[in-house]
Each structure stands twice: as C-alpha cells, then as structure tokens.
Amino acid sequence: MEYQEAKDKFISTWGSLGTLWGINKAMAQIQALLFISTKPLSMEDIMEDLKISRGNTSMNLRQLMDWGIVTKVLVSGERKEFFTTEKDVQELARVIAKERSRREIKPVIKVLDEVSSIKDDGTEKTKELIKQTKALHNLTQDADAMINKLMDQKQNWLTKSVFKLIK
C-alpha cells in the first residue's frame, strides 16, 4: 500500500470511528488529517485534502476546538489561521473521555438525581421508579468517578489502568 492509499484509508476509518466517541464523521476526518500531518494545516488545506466545504470545515474545526482536541497556531509570515491537534494518543483519549463526561454523563446524573428524588406517594409504581432511578444514578455516578480518577492520572493513564485491572 502506498502513502496516499494508506492515508485515505486511515482518515476514512477514523471518520467512521468518530461516532463511537461522540463526534460526526467530518469532525473525526479533520482530526485524523491533523493527527497525521507533519505541520499545522490551514482551513483551505483541510478543505482541499478532504474535499469538504468551507462551512463544514469551519463548523467542525470550531467544534473540535470546543472539545479541546484542536488548537489554532500562528505560522510566522502567514495571515491564514492554521490548526493542529494533540499528537499524544493517551492525552487525546483523556481529553475525549473528559469531554464526553461533561457533555453526556454529567447531564444524565443530574436528570437521574432529579427523577429519583421525587416525592414518594406510597404507590408501588412510585417506589419502583425511585428504586430503579436511584440505582442507575449511583451506577452512573460511580462510572463517572472512575473515569475522572483515570483522567487525573494523565501520563499513561490508559495503560496503567488496564494493567491494574489485569493484575
């Protein structure tokens, strides 16, 4: 396999995997392109390489910056904006996990807390709702706490955590 074919295959595959970590295909493809790039890329570079529109590129770059995965960088002598991404795979996984917790898990914990705190009117259906939503709340809160503990370890957190589980 030649470079261009391998590059296209990687970007395409990473794009498909993006939905697993909560982003759309174009966002993941932009991140993949930046991930394997040897230098920061301009919006025009990204548009040309991925053959996507300026609006799509701009919107997805903004979202990637909101996630903390992509950053703007200054390139001496250039007026255009250039972008780069985190190159450390473990740090990238940590940032994604942290952001998913903030966007997905914390709102669920809040809703489960509200729902499980309703007034118990003594009926069987209310007792069951409170019981089950409290159980889900506790499980979700424990999972979030575990994710946060792993994220706080920073350096090689994923590898260290997996080895601790295996031992």
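Keep in mind it's a predicted model, so treat the numbers as computed, not measured.

## Quick word on the overall build of the protein chain
Per the secondary structure count, the protein chain includes 7 helices and 3 strands. Its helices and strands taken in sequence order, the protein chain reads α-α-β-α-α-β-β-α-α-α from the N to the C terminus. Relative to the globule expectation of 15 Å for 167 residues, the C-alpha radius of gyration of the protein chain, 21 Å, shows a markedly less compact shape. When each of the 167 residues of the protein chain is scored for burial, the buried share is 34%. Pairs at least 24 residues apart make up 56% of the contacts formed inside the protein chain by residues separated by at least 6 positions. Summed over all atoms, the accessible surface of the protein chain reaches about 11000 Å², with 57% contributed by carbon and sulfur. Positive and negative side-chain charges of the protein chain, numbering 28 and 24 respectively, have mean locations separated by a distance of 2 Å.

## Regarding the nonpolar core
Residues I30, L34, I46, L61 and I69 are the most contacted members of the largest nonpolar core, which totals 25 residues. Where this core is concerned, the elements lending two or more residues are α2 (25–36), α3 (43–50), α4 (54–67) and α5 (89–116). Taken together, domain 1 (3–85) and domain 2 (89–166) each give at least three residues to this core, which thus spans both. Setting aside its immediate chain neighbours within four residues, L34 contacts L41, I46, L61, V70, F83, T84, T85 and K87.

## Description of the UniProt feature "domain: HTH marR-type" (unreviewed entry) in the protein chain
With numbering matched to this structure, UniProt assigns "domain: HTH marR-type" (unreviewed entry) to residues 28–75. Spanning residues 28–75, this segment combines 65% helix with 12% strand, and its end C-alpha atoms are found 24 Å apart.

Calculation rules
- Residues numbered from 1 in each chain as written.
- Predicted model: local features only at pLDDT ≥ 70, side-chain atom pairs only at ≥ 80, totals over all residues.
- Heavy atoms only, no water.
- Helix = DSSP H or I, 4+ residues; strand = E, 2+ residues; numbered from the N terminus.
- Rg over C-alpha atoms; globule rule 2.2 N^0.38 Å.
- Buried < 20%, exposed > 50% of the residue type's maximum accessible area, 1.4 Å probe, protein only.
- Contact = heavy atoms within 4.5 Å.
- Areas by Shrake-Rupley, 256 points an atom, 1.4 Å probe, with all protein chains shown as cover.
- Lys, Arg positive; Asp, Glu negative; His and termini not counted.
- Charge placed at Lys NZ, Arg CZ, Asp CG, Glu CD.
- Core = buried A, V, L, I, M, F, W, Y, C linked by side-chain atoms within 4.5 Å.
- Domains from an automatic or database assignment.
- UniProt positions renumbered as here; feature names shortened; annotations may be inferred.

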